[in-house]
Amino acid sequence: MKHNLRVTLPVLTGAAVLSLSAAPLLPVNAAPAAQTISAGAVSQITDYSAVFDTDYYYQTYPDLQASIGNDPAALLSHFIKTGMAEGRNGNAQFNLKAYMCQNPDLMAVYGTDLPSYYRHYITNGKAENRKAVFDAGKGLAEGVLGSYTTTFDTTEARATNVILSASRINGLVIPAGGRFSYSTSVGTRTTANGYVEAPSFASGRVVTSVGGGICQVSSTLYAAMVVADIPAASHYLHSLPVDYVPRGLDAAIVEGYKDLSFVNPYSYPIMLQTSSDNGVLTVSIVKAG
């Protein structure tokens, strides 16, 4: 006797719909109904409607209109296999960069693994009421690839080092394929170079060193890199937690030993922009050409 098994698994398990029974792709504008499959086959089913809408995807990306056309199944397949990894938005209710910027705890875990943010929203984030779109007027400006903001106490000695190191990377242009080193760019940490003594970490202890505080700028930059989908070539965590970014987004700097660096992965130059007014530090990565 042949038995049928009804299986619905609303869990995202990878960057593609996996099916051993050659089941068709799910409807894209509504939650999928349970599908009946043979007991001898297992179908893993994911409802992508939280992050994907056929009409939105088709209208938003002209290159797909030309290469795929208005084919719902092909558009969903592209989104799963390619679009998520490219950081494309699949509907108006989920904006990848907004989800990243407004949930830094996820950035600390997933980094530049872009598909994981979509998976998280489908499986957990939506139910947790996490913000997945920017508030009106709060999105990234045109040409801004990534940006992040932290705060610091302007009355502390470390503020001098935060402001100085931020100013020294402001306006730096990295050509396509060019390498950036934070430690090199901010200069040697000496009093002759303008830096002052302030608290820092060393081997799990709080100590005082010239340049203490520059790691807040490197950490803020690293978070902006994650939003901009720029992988780090070198990146180190502090020996103790910091209070300005979640653990995992921090970027420790020790001259000659630990650095934050990256290679510009884009086909055009990018520029670093910083501001540090009134204890608010913002580092942005923008398209420069």
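Residues numbered from 1 in each chain as written. Predicted model: local features only at pLDDT ≥ 70, side-chain atom pairs only at ≥ 80, totals over all residues. Heavy atoms only, no water.

### Describing the sheet that holds strand 11 (residues 280-287)
Part 1: Ordered in space as 3-11-10-4, the four strands form an open sheet in which the pairing is antiparallel. Looking at strand neighbours, the two that pair on one side only are strand 3 (144-151) and strand 4 (173-174), the edges of this open sheet.
Part 2: Examined bridge by bridge, strand 10 (residues 270-275) and strand 11 share six bridges and lie antiparallel to one another. Within strand 11, the residue paired with Leu272 across the bridge is Ile285. (Pairing = 2+ DSSP bridges. Helix = DSSP H or I, 4+ residues; strand = E, 2+ residues; numbered from the N terminus.)

### Concerning the packing of aromatic side chains
Part 1: For the structure on display, the rule yields twelve aromatic pairs.
Part 2: Arranged with centres 5.1 Å apart and planes meeting at 55 degrees, the rings of Phe94 and Tyr99 form a pair that is tilted. Each member of the pair, Phe94 as well as Tyr99, is classed as buried.
Part 3: When the centroid spacing of 5.4 Å and the interplanar angle of 80 degrees are considered together, the rings of Tyr110 and Tyr117 count as edge-to-face.
Part 4: Judged by relative accessible area, Tyr110 falls into the partly exposed class, the value being 25%. (Phe/Tyr/Trp six-rings, centres within 6.5 Å; stacked < 30°, edge-to-face > 60°. Buried < 20%, exposed > 50% of the residue type's maximum accessible area, 1.4 Å probe, protein only.)

### Observations regarding the pairing of strand 6 (residues 197-202)
Note on strand geometry: in a regular strand, side chains alternate between the two faces of the sheet.
Part 1: Where strand 6 lies against strand 7 (residues 205-210), six bridges are found, and the strand directions are antiparallel. Across the sheet, Glu197 pairs through a bridge with Val210, a residue of strand 7.
Part 2: Here strand 6 folds back onto strand 7 in antiparallel fashion, the turn holding two residues, of which Ser203 has a positive phi close to 55 degrees.

### Observations regarding the packing of helix 7 (residues 158-169) against helix 9 (residues 214-227)
When two helices pack together, their arrangement is captured by the angle between the axes and the distance separating the axes.
Part 1: At their nearest, the axes of helix 7 and helix 9 sit 7 Å apart, and the two run at 45 degrees to each other. Put simply, helix 7 runs oblique to helix 9. Between helix 7, through Arg158, Asn161, Val162, Ser165, Ala166 and Ile169, and helix 9, the contact on the second element is made entirely by Ile214, Gln216, Val217 and Leu221.
Part 2: Here the contact of helix 7 with helix 9 is built from residues that sort into six nonpolar, three polar and one charged. (Axes fitted to C-alpha atoms, helices over the stretch in contact; angles between N-to-C directions. Parallel < 35°, antiparallel > 145°, perpendicular 65-115°, else oblique. Contact = heavy atoms within 4.5 Å. Nonpolar A, V, L, I, M, F, W, Y, C, P; charged D, E, K, R; others polar.)

### Brief notes about the side chain of Gln216
Part 1: Mapped onto the elements, Gln216 comes out in helix 9.
Part 2: Within polar-contact distance, the side chain of Gln216 engages the backbone oxygen of Thr151 at 2.8 Å.
Part 3: Those residues within four positions of Gln216 in sequence are excluded, and the remaining contacts are Thr150, Thr151, Phe152, Arg158, Val162, Tyr244 and Leu281. (Polar contact = N/O pair within 3.5 Å; in protein donor to acceptor, adjacent residues only side chain to side chain.)

### Description of the sheet that holds strand 5 (residues 179-181)
Part 1: With antiparallel pairing, the three strands of this open sheet are ordered in space as 5-9-8. Lying at the two open borders of the sheet, with one neighbouring strand each, are strand 5 and strand 8 (232-234). In this sheet, neighbouring strand axes are inclined to one another by 30 degrees on average, regardless of whether the strands run parallel or antiparallel.
Part 2: The pairing of strand 5 with strand 9 (residues 261-263) spans three bridges and is antiparallel. Counted as the bridge partner of Phe180 is Phe262 from strand 9.

### What about the pattern of salt bridges?
Part 1: Counted under the stated rule, the structure contains seven salt bridges.
Part 2: Notably, a salt bridge pairs Glu86 with Arg88, separated by 2.7 Å at the nearest N-O pair.
Part 3: Among the residues examined, Glu86 registers a relative accessible area of 45% and is labelled partly exposed.
Part 4: As a salt-bridge pair, Asp135 and Lys131 come within 2.8 Å of each other at their nearest N and O atoms.
Part 5: The class of Lys131 is partly exposed, set by a relative accessible area of 39%. (Salt bridge = Lys/Arg side-chain N within 4 Å of Asp/Glu carboxyl O.)

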